[in-house]
Amino acid sequence: MQYEEKLPLHILSGFLGSGKTTLLKAWLTQQNLNDVALLVNEFGEVGIDHHLLNEVAPDIVLLPGGCLCCQIRGELKTALLDLYEKRARGALPPFRQVILETTGLADPAPILSTLLHDRQLQHHFRQGALVTLVDAEHCQLQAKTQPEWIGQVTAADKLLISKRDRVSAQTFAATERWLAQLNPLAEVSDNALALADPDQLFQVLVTKGSKDQRFRWLGACGTHESTLKAAPLSASHPVTQTCVITLQRTLNWPAFAIWLSMLLHSHGSAVLRMKGILRIDDSTSPVVIHGVQHTLHPPVHMRDWPGELETSKLVFILRGLDADRLKLAFSRYMQAFEGQ
């Protein structure tokens, strides 16, 4: 691998006690450790997870100072650039990917924002997969009482359910359905299945794989406009909603970009996750967009459409923002623009 190629930065998230370190340790035993650089963040002044992982990955860098999401703009950037510099001069093996295990209290959104907006990091790194571990035994309680939990779940590309042996088969199946409703954009599976095929744990299917794999989320979200209400959280943390907007006509890209920018500027914290496949004016190929809260990832231009789909579809996972209000605002804006 050439040093000028961008390295993927994968994020392993999940609430306290979900089993992130156990999963990561098992995964590392099946890897060529010269290919992996590992960053571990722990809450509190004294961490122990890195000592557990050190048995299989001796070059771990522990990010100090507590919750990563609060201090991300300093510590993570420094650690990543230091890793890359040591790799470039041969002080570390020529690793091909970086894994960041976050503290159980971290919100992934600021991490993604730092990676996508910092030009130094962009020069060397690209976003990989965001994998969130979910505790099958305690997830219902955590959803009701812990605001960080919902941010971790809705930001994920993959949701892996741990502690299957601690719940009944019926409870596990219900948890799978519930998580798929909370985040229809993510793959949901058992963490044991992920370890059975370790090469797939941090794979991202946005630009790789078959059409069915790349656009799996379209089927998960249905083919018509809909609103799905997930389980209620506490009074201070409103329910999440999935808002799906399907459009037959092509979109004017500049007009849509202005609307989306205004939405994220005004309500970014309420847009937990968004994804869309768009048919834009003067283009026969689709454009895929993806964002987490205030952060919008660079658009991905695809070569073809999945299956028979030829219409634009937008999917928003919302908290504290009514789905019907969002659809109405979008419709009015586009009508006003087209009427000019």
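Heads up: the structure comes first, above all this text.
For clarity, every value in this text was computed on a predicted model and none was experimentally measured. (Residues numbered from 1 in each chain as written. Predicted model: local features only at pLDDT ≥ 70, side-chain atom pairs only at ≥ 80, totals over all residues. Heavy atoms only, no water.)

1. Side note on the nonpolar core
Across soluble globular proteins, nonpolar side chains have a tendency to be buried as a group. Short version of the rule: To form a nonpolar core, buried Ala, Val, Leu, Ile, Met, Phe, Trp, Tyr and Cys residues must be joined to one another through side-chain atoms within 4.5 Å. For every residue, the accessible area obtained with a 1.4 Å probe (protein chains only) is divided by the maximum for its type, and the residue is called buried under 20%, exposed over 50%, and partly exposed between those limits. Numbering of helices and strands runs from the N terminus; a helix is a DSSP stretch of H or I covering at least four residues, while a strand is a stretch of E covering at least two.
Ranked by internal contacts, the top residues of the largest apolar core, which has 45 residues, are Leu 39, Leu 80, Val 98, Phe 125, Trp 149 and Leu 179. It is helix α3 (residues 68-88) that contributes the most residues to this core, five residues altogether. Ranked by size, the runner-up nonpolar core spans 26 residues in total, among them Val 271, Val 287, Leu 314 and Leu 318.

2. Some thoughts on the pairing of strand β14 (residues 312-319)
What counts here: We treat two strands as partners when DSSP finds at least two bridges between them.
With eight of eight residues buried, β14 is to be regarded as a mostly interior element. Residues Ser 312, Leu 314, Phe 316 and Leu 318 point to one face of β14 and Lys 313, Val 315, Ile 317 and Arg 319 to the other, with burial holding for every one of them. Here strand β9 (residues 240-247) runs beside β14; their pairing, made up of eight bridges, is antiparallel. Bridge pairing links Val 244 to Val 315 in β14. In this sheet, β14 lies alongside strand β10 (residues 271-278) in antiparallel orientation, the contact comprising six bridges. In the strand pairing of β14, Gly 276 is matched with Leu 314.

3. Remarks on helix α7 (residues 147-154)
Within α7, six of the eight residues are buried, leaving the element largely enclosed by the surrounding structure. Along α7, the residues classified as buried are Trp 149, Ile 150, Gly 151, Gln 152, Val 153 and Thr 154.

4. Regarding the pairing of strand β6 (residues 158-162)
Here is the rule: We call a crossover right-handed when, viewed with the strands running away from us, the connection from the first strand over the helix to the second turns clockwise.
In terms of residue burial, β6 counts as a mostly covered element, since five of its five residues are buried. Two strands pair when backbone bridges link them, and strand β5 (residues 125-135) and β6 are joined in this way by five bridges, in the parallel orientation. Within β6, the position partnered with Asp 135 by the bridge is Ser 162. Direction of pairing for β6 relative to strand β7 (residues 187-190): parallel, over a ladder of four bridges. Bridged to Leu 160 within β7 is Ser 189. Taken together, β6, helix α8 (residues 169-182) and β7 constitute a β-α-β crossover, and its handedness is right-handed.

5. Details of the packing of aromatic side chains
For clarity, the threshold we go by: To pair, rings of Phe, Tyr and Trp, with the six-membered ring standing in for Trp, must have centres within 6.5 Å; the planes then decide the type, stacked if under 30 degrees apart, edge-to-face if over 60, and tilted in the middle.
According to the stated counting rule, one finds eight aromatic pairs in the structure shown. Seen in terms of ring centroids, Trp 27 and Phe 202 are 5.1 Å apart; in terms of plane orientation they differ by 85°. Their pairing is edge-to-face. Here the residue Trp 27 occupies a position in helix α1 (residues 20-28), and Phe 202 occupies one in the loop between α9 (191-196) and α10 (211-214), the gap between them amounting to 175 residues. The same class applies to Trp 27 and to Phe 202, which are both buried. Consider the rings of Trp 253 and Phe 256, whose centres lie 6.1 Å apart with planes at 45°: the pair is tilted. Taken together, the positions of Trp 253 and Phe 256, both in helix α12 (residues 253-267) and three residues apart, correspond to about one turn of that helix. For Trp 253, a relative accessible area of 29% translates into the label partly exposed. Through pairs of rings, three or more aromatic residues link up here, namely Trp 253, Phe 256, Trp 259, Phe 316 and Phe 330.

6. A closer look at the environment of Cys 139
Which entries qualify depends on this criterion: Residues count as neighbours in contact if any of their non-hydrogen atoms are within 4.5 Å of one another.
With respect to the helices and strands, Cys 139 occurs in helix α6 (residues 139-145). With 40 residues separating them along the chain, Cys 139 and Leu 179 place their C-alpha atoms 9.8 Å apart. Not counting residues up to four positions away in its chain, the partners in contact with Cys 139 are Val 134, Trp 149, Thr 175 and Trp 178.

7. Some details on the side chain of Arg 279
The topology assignment puts Arg 279 in the loop between β10 and β11 (287-292). With sequence-adjacent residues up to four places away left out, Arg 279 is seen in contact with Arg 249, Thr 250, Leu 251, Thr 284, Trp 305, Glu 310 and Ser 312.

8. A few points about unusual backbone geometry
One non-glycine residue, Lys 163, lies in the positive phi region at around 60°. Here Lys 163 lies in the loop between β6 and α8. On the basis of relative accessibility, which here comes to 26%, the residue Lys 163 falls in the partly exposed class.

9. Description of α12
Heads up, the rule is: Multiplying 1.5 Å by the residue count of a helix minus one yields the expected span of that helix. The arc in question is traced by the directions running from the helix axis to the C-beta atoms. We call two N or O atoms a polar contact when they sit within 3.5 Å, provided that within protein one can donate a hydrogen and the other can accept it, with sequence-adjacent residues counted only if both atoms are side-chain atoms.
Under the 1.5 Å per step criterion, the end-to-end length of α12 is 21 Å for 15 residues, consistent within 8% with the ideal 21 Å. Of all the positions in α12, only Ala 255, Phe 256, Trp 259, Leu 260, Leu 263 and Leu 264 are classed as buried. Angularly, the buried residues of α12 cover 160° about the axis, an arc narrow enough to put them on a single face. Residues of α12 that are exposed and point over 90 degrees away from its buried face: Pro 254, His 265 and Ser 266. Capping the start of α12, Asn 252 holds a side-chain oxygen 2.9 Å from the backbone nitrogen of Ala 255, two or three residues further along.

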